[in-house]
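Residue-level listing of the chains:
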Amino acid sequence: MQKIEHIGIAVNDIAEAEKRFAQLLGTESYKREEVASEGVITSFFQVGESKIELLSATREDSPIQKFIDKKGEGIHHIAFEVENIEEKMEELKEQGFRLINEQPKDGADNKRIAFIHPKSTGGILVEICMEKKLDD
C-alpha cells in the first residue's frame, strides 16, 4: 500500500454535501463523475496528498443507497493506492483476506479498483486502487 488515496463518504444529497465540504475544507470539488455501473455520483476534493470522495446514489439498488438505508450518511470506505492491483489482490487472497471483487473494475477518477470485504478487516470496507494506464 503506497498511501491513503481517498476516504469515501456516503451522502444523501451530493450538491448539499459539496457545499458543506467546500466550506469545511476551504476548497471546491475538482471533479464530479457518475459511475453508472455502481449507481453513484461521486465528487472529489483534494486534501494534501489524499482525497475525500463523496458518494451519492442514483438508484435505489445502489450499494451506496443500501449503505445509507442501513447505517445513514457517513464514512463508507477507505481507499489505498497500490502499484499493481492484480498483484496486490493475489497477495491479499494468499494472506487470507476475502475480496468482494475477483477482478479489478473501473472506478471513478480514472482508477481501477477492488474491494476487500469488511468481515476480513474488522468491519471496515477497504478499497485498493491504481491509476489506469493508457492501455487499460
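Let me sum up the structure you'll find in this document. Numbers given for residues are sequential positions, taken from 1 along each chain in its written order. Only residues with pLDDT of 70 or above have their local features reported here, since the model is predicted, and side-chain atom pairs are shown and tallied only from 80 upward, although totals for entire chains, interfaces and linings are computed over all residues. Only heavy atoms go into the side-chain values, all of them from the structure, while hydrogens and water stay out.

A word on the nonpolar core
Piece 1. What is meant by a nonpolar core is a set of buried Ala, Val, Leu, Ile, Met, Phe, Trp, Tyr and Cys residues, joined one to another through side-chain atoms within 4.5 Å. Accessible area is worked out with a 1.4 Å probe on protein chains only. A residue is then buried under 20% of its type maximum, exposed over 50%, and partly exposed in between. Counting ten residues, the largest nonpolar core consists of Val82, Ile85, Met89, Leu92, Leu99, Ala114, Ile116, Val126, Ile128 and Met130.
Piece 2. Put simply, DSSP H or I for four residues or longer makes a helix, DSSP E for two residues or longer makes a strand, and each gets a number counted from the N terminus. Going through the elements one at a time, α3 (85–94), β7 (111–116) and β8 (126–131) are the ones with two or more residues in this core.
Piece 3. Look past the residues within four positions of leucine 92 in its chain and what remains in contact with it is Phe97, Leu99, Ile116 and Ile128. In this description, contact between two residues means that some pair of their heavy atoms is separated by no more than 4.5 Å.

Some remarks on α3
Piece 1. Those residues of α3 that sit buried are Ile85, Lys88, Met89 and Leu92. All buried residues of α3 project into a common sector of 100° when viewed along the axis, lining one side. Away from its buried face, by an angle of more than 90 degrees, α3 presents the exposed residues Glu87 and Glu94.
Piece 2. Summarising the contacts, the buried residues of α3 are in contact with β7 and β8.
Piece 3. Between the side-chain oxygen of the N-cap and the backbone nitrogen of glutamate 86 there are 3.1 Å, and the N-cap of α3 in question is asparagine 84.
Piece 4. Looking one or two places after α3, you find glycine 96, whose phi comes out positive at around 95°. Note: the arc covers the axis-to-C-beta directions of the helix. Polar contact is defined as a pair of N or O atoms within 3.5 Å, subject to the rule that within protein one atom must be able to donate a hydrogen and the other to accept it, and that residues adjacent in sequence are counted only when both atoms are side-chain atoms.

Description of unusual backbone geometry
Trans peptide bonds make up most of the peptide bonds, and negative phi angles are found at most residues other than glycine.
Piece 1. The phi dihedral of aspartate 109 is positive, around 60°, even though this residue is not glycine.
Piece 2. Within the secondary structure, aspartate 109 is located in the loop between β6 (105–106) and β7.
Piece 3. Judged by its relative accessible area of 8%, aspartate 109 is buried.
Piece 4. Non-glycine residue asparagine 110 carries a positive phi angle of around 60°.
Piece 5. Within the element layout of this structure, asparagine 110 appears in the loop between β6 and β7.

Thoughts on the packing of aromatic side chains
Piece 1. Any pair of Phe, Tyr and Trp rings, taking the six-membered ring for Trp, is counted once the centres come within 6.5 Å. Such a pair is stacked with planes under 30 degrees apart, edge-to-face with planes over 60 apart, and tilted for the rest. In the structure shown here, the tally under the stated rule is two aromatic pairs.
Piece 2. Where phenylalanine 21 meets phenylalanine 45, the ring centres are 6.4 Å apart and the plane angle is 45°; that geometry is what we call tilted. Of this pair, phenylalanine 21 sits in helix α1 (residues 14–25) while phenylalanine 45 is found in strand β3 (residues 40–47), placing the two residues 24 residues apart along the sequence.
Piece 3. Take phenylalanine 45: its relative accessible area is 0%, and that puts it in the buried class.

Some details on a nonpolar patch on the surface
Piece 1. Within the patch definition used here, like charges are joined within 9 Å and nonpolar side chains (Val, Leu, Ile, Met, Phe, Trp, Tyr) within 5 Å, considering only residues with over 30% relative accessible area and no salt bridge. For the area figures, the Shrake-Rupley method with a 1.4 Å probe applies, and any residue is considered shielded solely by the protein chains shown. Definition used for salt bridges: Asp or Glu carboxyl oxygen within 4 Å of a side-chain nitrogen of Lys or Arg. Judged by side-chain polarity, Leu24, Leu25 and Val47 come together as a nonpolar surface patch covering roughly 250 Å² of accessible area.
Piece 2. In this structure, valine 47 sits in strand β3.
Piece 3. Here valine 47 falls in the partly exposed class, since its relative accessible area comes to 38%.

Regarding the sheet that holds strand β2 (residues 31–35)
Piece 1. For two strands to pair, DSSP has to find at least two bridges joining them. Strand order across the open sheet formed by eight strands is β2-β3-β4-β1-β5-β8-β7-β6, with mixed pairing between neighbours. Since the sheet does not close on itself, it has two edges, and those belong to β2 and β6, each with one partner.
Piece 2. Here seven bridges tie strand β1 (residues 3–10) to strand β5 (residues 74–81), and the two strands are oriented antiparallel to one another. Residue pairing across strands places isoleucine 4 opposite phenylalanine 80, the latter belonging to β5.

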